[in-house]
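Spelled out from the first residue to the last, the chains are:
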Amino acid sequence: MELFDEGLHSGVNLALNVEKVIYREKTDLQDLVIFENNQFGRVMSLDGAVQTTENDEFIYHEMFVHVPLLAHGKVRRVLVIGGGDGGAARQLMKHKNVMVTLVDIDRTVIELSKKYMPSISGGAFDDPRLELVIADGCKFVKESDARWDVIIIDSTDPHGPGEVLYTEEFYRDCKSCLSEGGIIITQNGVPFVQESELRESYDRLGRLFKDVTFYLAAIPSYVGGVMAYGWATDETGHRRADLARLAQRYIDAEIETDYYTPEVHQAAFALPLHIQKMLTREL
Ligand code: SAM
């Protein structure tokens, strides 16, 4: 049996049985593999790191999308940077009045995800409310004069083409693309094994926004414990939306979820002490 061995974090490896390789290609940007695993279903990896799996992607994408949209309450336009597997786009399409611009650097990821893992995008790329742009997200926000209510940075980890999506310059350019009260959400890794990424994003976003924190979800295929989503906005009221208001918005949105609930939304922002300490301790 072939093993997929993800050595993303020093000293820690995630080994997954490869029941069958579905597709493997070194695109001109990234090394892409899609394979079958009996626990996770089909798995997509880029440059040796698990990106998404059929069986647990709902957790990652529901929390990426429904937390900012239901916290904000009046989202009409969303920008997704990365997200080429289409999972965030599928969750966004559940919100009837939302228009989406998705900017991914690698068309191959989108094409292969649609072909070999269609349940993840669920047809979102063919929805007329979604505008697809193939470009470097960093360049896109620098040159755009459009405005979005939420910007979701669904990037690979800060290596290879994804590295630019963790810089203060990129965050500043994203801020200039936010409408009044807009929210930025980042894929910010697994704090237990990526403490420096967490702290760097916290410090960089903290120099640009009034309300910066993280919320958590455990994604089984991301090794090392809970993963963190970065949250940044100048509208401090978004995080004060109480349970009754979140619950009403959830009902009004008429969206089907398998992980997200308004209670989980609120609880996700409760950071355990060791993660709080990561944000403030002397480096
Ligand atoms: N859930 C995954 C994770 O946590 O690592 C991310 C999934 S998604 C497949 C990551 C996407 O980021 C890929 O489609 C990749 O092509 C895209 N990407 C990487 N660097 C980029 C850049 N500079 N601009 C736009 N998209 C980029």
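Residues numbered from 1 in each chain as written. Predicted model: local features only at pLDDT ≥ 70, side-chain atom pairs only at ≥ 80, totals over all residues. Heavy atoms only, no water.

**Regarding the pairing of strand 1 (residues 2-9)**
- Of the pairings in the sheet, the one linking strand 1 to strand 2 (residues 12-18) comprises six bridges and is antiparallel in character. Considered in strand 2, the bridge of F4 is made with L16.
- Hairpin connection of strand 1 to strand 2: two residues between the antiparallel strands, including G11 at a positive phi of 80°. (Pairing = 2+ DSSP bridges. Helix = DSSP H or I, 4+ residues; strand = E, 2+ residues; numbered from the N terminus.)

**Let's talk about the sheet that holds strand 6 (residues 49-53)**
- Judged by pairing direction, the sheet is antiparallel, and its four strands sit side by side in the order 3-4-5-6 without closing on themselves. In the strand order of this sheet, the two ends are held by strand 3 (20-26) and strand 6, each with one partner. For this sheet the average axis-to-axis angle between neighbouring strands, irrespective of direction, equals 20°.
- The pairing of strand 4 (residues 31-37) with strand 5 (residues 41-46) spans six bridges and is antiparallel. In the sheet register, F35 faces strand 5, and the bridge partner there is V43.
- Sheet contacts for helix 3 (residues 107-116): strand 3, strand 4 and strand 5; angle to strand 3, the most-contacted strand, approximately 165°. (Axes fitted to C-alpha atoms, helices over the stretch in contact; angles between N-to-C directions. Contact = heavy atoms within 4.5 Å.)

**Details of the packing of helix 1 (residues 57-72) against helix 8 (residues 243-253)**
- Look at helix 1 against helix 8: their axes get within 9 Å of each other, and the N-to-C directions meet at 110°. Taken together, the axes of helix 1 and helix 8 are roughly perpendicular relative to one another. Across from L70, A71 and H72 in helix 1, the residues of helix 8 making contact are L246, R249, Y250 and A253.
- Looking at the contact of helix 1 with helix 8, its residues break down into five nonpolar, one polar and one charged. (Parallel < 35°, antiparallel > 145°, perpendicular 65-115°, else oblique. Nonpolar A, V, L, I, M, F, W, Y, C, P; charged D, E, K, R; others polar.)

**Details of the environment of L216**
- Tracing the sequence through the fold places L216 in strand 12 (residues 211-217).
- For L216, a relative accessible area of 11% gives the class buried.
- Taking C-alpha positions, L216 is 6.3 Å from Y229, a pair spaced 13 residues apart along the chain. (Buried < 20%, exposed > 50% of the residue type's maximum accessible area, 1.4 Å probe, protein only.)

**Topic: the nonpolar core**
- Counting residues in each nonpolar core, the largest one holds 52 residues, and the members touching the most others are V78, Y215 and Y229.
- Top element by residues in this core is helix 1. It accounts for nine residues.
- Domain assignment of the residues forming this core places at least three in each of domain 1 (2-53) and domain 2 (57-278).
- Excluding residues within four positions of it along the chain, Y229 makes contact with I59, Y60, M63, F64, I185, T186, T213, F214, Y215, A217 and I219. (Core = buried A, V, L, I, M, F, W, Y, C linked by side-chain atoms within 4.5 Å. Domains from an automatic or database assignment.)

**What about the pairing of strand 12?**
- Among the seven residues in strand 12, seven count as buried, and that is most of the element.
- Both faces of strand 12 are covered, namely the face carrying D211, T213, Y215 and A217 and the face carrying V212, F214 and L216.

**Brief notes about the packing of aromatic side chains**
- In this structure the tally under the stated criterion is 13 aromatic pairs.
- Both rings, one in Y60 and one in F64, keep their centres 5.2 Å apart while their planes meet at 75°; by these two values the pair is edge-to-face. With Y60 and F64 both in helix 1 and four residues apart, this pair spans about one turn of that helix.
- Ring geometry for Y250 versus Y260: centroids 5.5 Å apart, planes at 50°, classification tilted. Of the two residues, Y250 sits in helix 8 while Y260 sits in the loop between helix 8 and helix 9 (262-268), which places them 10 residues apart along the sequence.
- Exposure remark for Y260: the relative accessible area of 1% places this residue in the buried category.
- Taken together, the ring pairs connect Y60, F64, Y215, Y222, Y229, W231 and F269 into an aromatic cluster. (Phe/Tyr/Trp six-rings, centres within 6.5 Å; stacked < 30°, edge-to-face > 60°.)

**A closer look at the domain arrangement of the chain**
- Each assigned domain of the chain is listed here: domain 1 (2-53) and domain 2 (57-278).
- Across the contact, 23 residues belong to domain 1 and 22 residues belong to domain 2.
- The junction of domain 1 with domain 2 conceals about 2100 Å² of combined surface from both sides, 70% of it contributed by carbon and sulfur atoms.
- For the domain 1 face of the interface with domain 2, the top three residues by lost area are H9, L29 and T52, together amounting to 23%.
- Inspection of the region where domain 1 meets domain 2 yields zero salt bridges.
- Looking at the side of domain 1 that touches domain 2 residue by residue, the class counts come to 13 nonpolar, six polar and four charged. (Buried area = accessible area lost by both parts, 1.4 Å probe. Salt bridge = Lys/Arg side-chain N within 4 Å of Asp/Glu carboxyl O.)

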